[in-house]
Amino acid sequence: MTKVKKAFFCKNCGYESAKWLGCCPSCGEWNTFVEEIVSKPATSALGINNYNSKAQLINDIDVSHESRLNLNSVEINRILGGGLVCGSMVLVGGEPGIGKSTLSLQIALKCPDIKTLYVSGEESAQQIKIRAARLGSNDAQCYILSETLLETIVIQAKELKPDILVIDSIQTLYTERIDSSAGSISQIRDCAMQLLKFAKETNTPVFVIGHITKDGTIAGPKVLEHIVDVVLQFEGDNSHAYRILRATKNRFGSTAEIGIFEMQNNGLREIENPSEILISQHNDLSFSGVAIAATMDGVRPLFIETQSLVSTAAYGVPQRSTTGIDVRRLNMLLAVLEKRAGFRLATKDVFFNITGGLRISDTAADMAIVSSILSSNFDVSIPTNSCFCAEVGLTGELRPVPHINQRIGEAARLNFKKIFISRYSKLEDKPPANIEVISVAKIEELMKILFGKN
Ligand SMILES: Nc1ncnc2c1ncn2[C@@H]1O[C@H](COP(=O)(O)OP(=O)(O)OP(=O)(O)O)[C@@H](O)[C@H]1O
Ligand SMILES: [Mg+2]
């Protein structure tokens, strides 16, 4: 009888150790070691057992056949850097129920001239058919396989020769070469290696869906993210319809691109002009406590509506509540307001919200946040044709932010009449004629311009 070999693996980075360790020597995480059965595969994981590889001169390498598949979706093509590169491996991660399966099935269904093999280890063929009916499938060449054994999947894929292989999800797959259960570190790593080998050998792009852990990183070893060519994160608030697809790693394109989608009854709809949706269209009405921020997500300008409600604190400890930004950022801005604008913090409750369920981290939204708080406090509305973009420093100065020309250009395109920026911003180009650029240096000055207060 052969002896069962066991080892301990770090759940975070995949580090292997013969004995249990409290702290991983590789990634420094605590309490991440789990015991797993290991059996050495007969060949090396990548299957490089034929010693025929030859070094080539870089100029002699033929790239004429390195093609990109057009996925019939402007947003996804753009995020991937201009289409899906043949032979690449794309990992799609996201919260449960965010729409990973919907996204990948939609890709398969929306390209009638691309043959896809959609492998699901989570749902039956009938369940996938129900989803496809909801998405409005037509004459797509999409084959469905409900299977979890990797060897069978590879055989089927080699027989069918699809243009794209979709795996939903890597955590449900298992290979016979390893004894541990599906979803374990060694299974995920080996399955990913075998899929990579398949992708490179047959020049077939592989889409792999991955679950994420409690803290938002892709479950499984870090090597999974190293193996794949592209890592896409699907984010969004489950209670809102908007979803953001973001490339966190891309070997064939920029990681600054994002795509915004709206989850609808018939699938994910691409939103080409997100700012137009995120800003409520009530030009004739203006409310106090609302200010528009000219933020950027990646390289894309994103105009969002910030809303604040300032009221007298009913209890001893004033409440601070935020959605869409870090509460510590709000506290910091409130402290600056107290110091520079005489805002009595101790007696006010402050509630802050970013509409559309988005989360932003761009500090260019600071001036809009501060303006909306002041607007609600004084109960004086800010004209809806104005927008703001500057960072607030601890001394109350308004600091410049990058890509200022792009933000002003987008503001003009969205028919804003005024944009408030930092006086220290360096404008490379002349701003468009239909927008007034107002430069402000300090919070006190902003208060004076907006509300006539000193
Ligand atoms: N009829 C419908 N109308 C609108 N949205 C729907 C409808 N049916 C499903 N959805 C949306 O689709 C989401 C589920 O999508 P999907 O199954 O693709 O998610 P997933 O990320 O693959 O989840 P899991 O991690 O469980 O596999 C739901 O959360 C819901 O928002
Ligand atoms: Mg799913």
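1. Topic: the sheet that holds strand β3 (residues 33–38)
Here comes step 1: Strand order across the open sheet formed by three strands is β2-β1-β3, with antiparallel pairing between neighbours. Unpaired on one side and paired on the other, β2 (16–17) and β3 mark the two borders of the sheet.
Here comes step 2: Here strand β1 (residues 5–10) runs beside β3; their pairing, made up of six bridges, is antiparallel. Across the sheet, residue C10 finds its bridge partner in β3, namely F33.

2. As for the packing of aromatic side chains
Here comes step 1: One pass over the structure, following the stated rule, counts five aromatic pairs.
Here comes step 2: Here F388 and F420 contribute two aromatic rings whose centre-to-centre distance is 4.9 Å and whose plane-to-plane angle is 20°, an arrangement assigned as stacked. One end of the pair, F388, is in strand β19 (residues 386–389); the other, F420, is in strand β22 (residues 418–422), and 32 residues separate them in sequence. Each member of the pair, F388 as well as F420, is classed as buried.

3. Quick word on the nonpolar core
Here comes step 1: Counting 46 residues, the largest nonpolar core has L337, I373 and F388 as the members making the most contacts within it.
Here comes step 2: By residue number, the principal contributor to this core is helix α8 (residues 327–341), which donates seven residues.
Here comes step 3: Residues lining this core come from more than one domain, with at least three contributed by each of domain 2 (68–272) and domain 3 (277–451).
Here comes step 4: With 32 residues, the next largest nonpolar core counts L69, L80, A108 and I128 among its residues.

4. Description of the site of ligand 1
Here comes step 1: Taken together, 15 residues are adjacent to ligand 1, and G97, K100, S101, T102 and R131 come closest.
Here comes step 2: In this structure, an oxygen atom belonging to ligand 1 sits 2.7 Å away from a main-chain N or O atom of G97.
Here comes step 3: When ligand 1 is considered free in solution it has 650 Å² of accessible area, and contact with the protein chains removes 65% of it.
Here comes step 4: Residue assignment for the shell around ligand 1 shows that the elements contributing at least two residues are α2 (100–109), α3 (125–135) and β13 (258–264).
Here comes step 5: When residues in the shell around ligand 1 are grouped by element, the largest group, three residues, is from α2.
Here comes step 6: Across the shell around ligand 1, the residue classes tally to three nonpolar, six polar and six charged.

5. As for the domain arrangement of the protein chain
Here comes step 1: Looking at the assigned domains, one finds that the protein chain contains domain 1 (1–38), domain 2 (68–272) and domain 3 (277–451).
Here comes step 2: Distance from the C-alpha centre of domain 1 to the C-alpha centre of domain 3: 49 Å.

6. A look at empty space enclosed by the protein
Here comes step 1: Scanning all chains against the criterion turns up two cavities of 30 Å³ or more.
Here comes step 2: Lining of the largest cavity is provided by V290, A291, I292, I382, P383, T384 and S386.
Here comes step 3: Counting residues per element, the lining of the largest cavity draws most heavily on strand β15 (residues 290–297), which supplies three residues.
Here comes step 4: Of the residues that constitute the lining of the largest cavity, the class distribution is five nonpolar, two polar and no charged.
Here comes step 5: Forming the boundary of the second largest cavity are Y242, I260, I271, P274, I277, L278 and L358.
Here comes step 6: By residue class, the composition of the lining of the second largest cavity is seven nonpolar, no polar and no charged.
Here comes step 7: When we break the lining of the second largest cavity down by domain, the ones giving at least three residues each are domain 2 (68–272) and domain 3 (277–451).

7. Focus: α8
Here comes step 1: The end-to-end C-alpha distance of α8, which contains 15 residues, comes to 20 Å, matching closely the 21 Å that a straight helix rising 1.5 Å per residue would cover.
Here comes step 2: Taken together, the buried positions of α8 are occupied by L330, M332, L333, L334, V336, L337 and A341.
Here comes step 3: Buried residues along α8 sit against β17 (320–323), β18 (348–354), α9 (366–378), β20 (391–392) and α11 (443–451).
Here comes step 4: Just beyond α8, the residue with positive phi is G342, at close to 65°.

8. Concerning the pattern of salt bridges
Here comes step 1: Overall, the coordinates contain 17 salt bridges when judged by the stated rule.
Here comes step 2: Between D229 and K200 there is a salt bridge, and its shortest N-O distance comes to 3.1 Å. A residue pair is termed long-range when its members are at least 10 positions apart, and D229 in the loop between α6 (222–227) and β11 (230–236) and K200 in helix α5 (residues 185–202) qualify at 29 residues.
Here comes step 3: Owing to a relative accessible area of 2%, D229 belongs among the buried residues under this scheme.
Here comes step 4: Here R423 and E445 are joined by a salt bridge, their closest N and O atoms 2.4 Å apart. Here E445 lies in helix α11 and R423 lies in the loop between β22 and β23 (436–440), a separation of 22 residues in the sequence.
Here comes step 5: Within the structure, one salt-bridge network assembled from shared partners comprises K158, K197 and E201.

9. Quick notes on the side chain of S101
Here comes step 1: Along the polypeptide, S101 turns up in helix α2.
Here comes step 2: Owing to a relative accessible area of 12%, S101 belongs among the buried residues under this scheme.
Here comes step 3: Within the structure, S101 has its side chain in polar contact with the side chain of D168 (distance 2.8 Å).
Here comes step 4: Setting aside residues no more than four positions away along its own chain, S101 makes contact with Y118, E123, R131, D168 and I209.

10. Considering the confidence of the model for the protein chain
Here comes step 1: Residue-level pLDDT values for the protein chain average 86, and 91% of them are 70 or greater.
Here comes step 2: Helix α7 (residues 274–278) is the least confidently modelled element of the protein chain, averaging 72 in pLDDT, while β20 averages 96, the highest of any element.

The rules behind the values
- Residues numbered from 1 in each chain as written.
- Chains lettered and ligands numbered in written order.
- Predicted model: local features only at pLDDT ≥ 70, side-chain atom pairs only at ≥ 80, totals over all residues.
- Heavy atoms only, no water.
- Pairing = 2+ DSSP bridges.
- Helix = DSSP H or I, 4+ residues; strand = E, 2+ residues; numbered from the N terminus.
- Phe/Tyr/Trp six-rings, centres within 6.5 Å; stacked < 30°, edge-to-face > 60°.
- Buried < 20%, exposed > 50% of the residue type's maximum accessible area, 1.4 Å probe, protein only.
- Core = buried A, V, L, I, M, F, W, Y, C linked by side-chain atoms within 4.5 Å.
- Domains from an automatic or database assignment.
- Near = heavy atom within 4 Å.
- Polar contact = N/O pair within 3.5 Å; in protein donor to acceptor, adjacent residues only side chain to side chain.
- Areas by Shrake-Rupley, 256 points an atom, 1.4 Å probe, with all protein chains shown as cover.
- Nonpolar A, V, L, I, M, F, W, Y, C, P; charged D, E, K, R; others polar.
- 1 Å grid on protein atoms, 1.4 Å probe; cavity = no way out; pocket = protein on both sides within 12 Å on 5 of 7 lines; lining within 4 Å.
- Points joined across faces, edges and corners; volume = space filled by probe spheres on them.
- Expected span 1.5 Å × (residues − 1).
- Contact = heavy atoms within 4.5 Å.
- Salt bridge = Lys/Arg side-chain N within 4 Å of Asp/Glu carboxyl O.
- pLDDT = per-residue confidence, 0-100.

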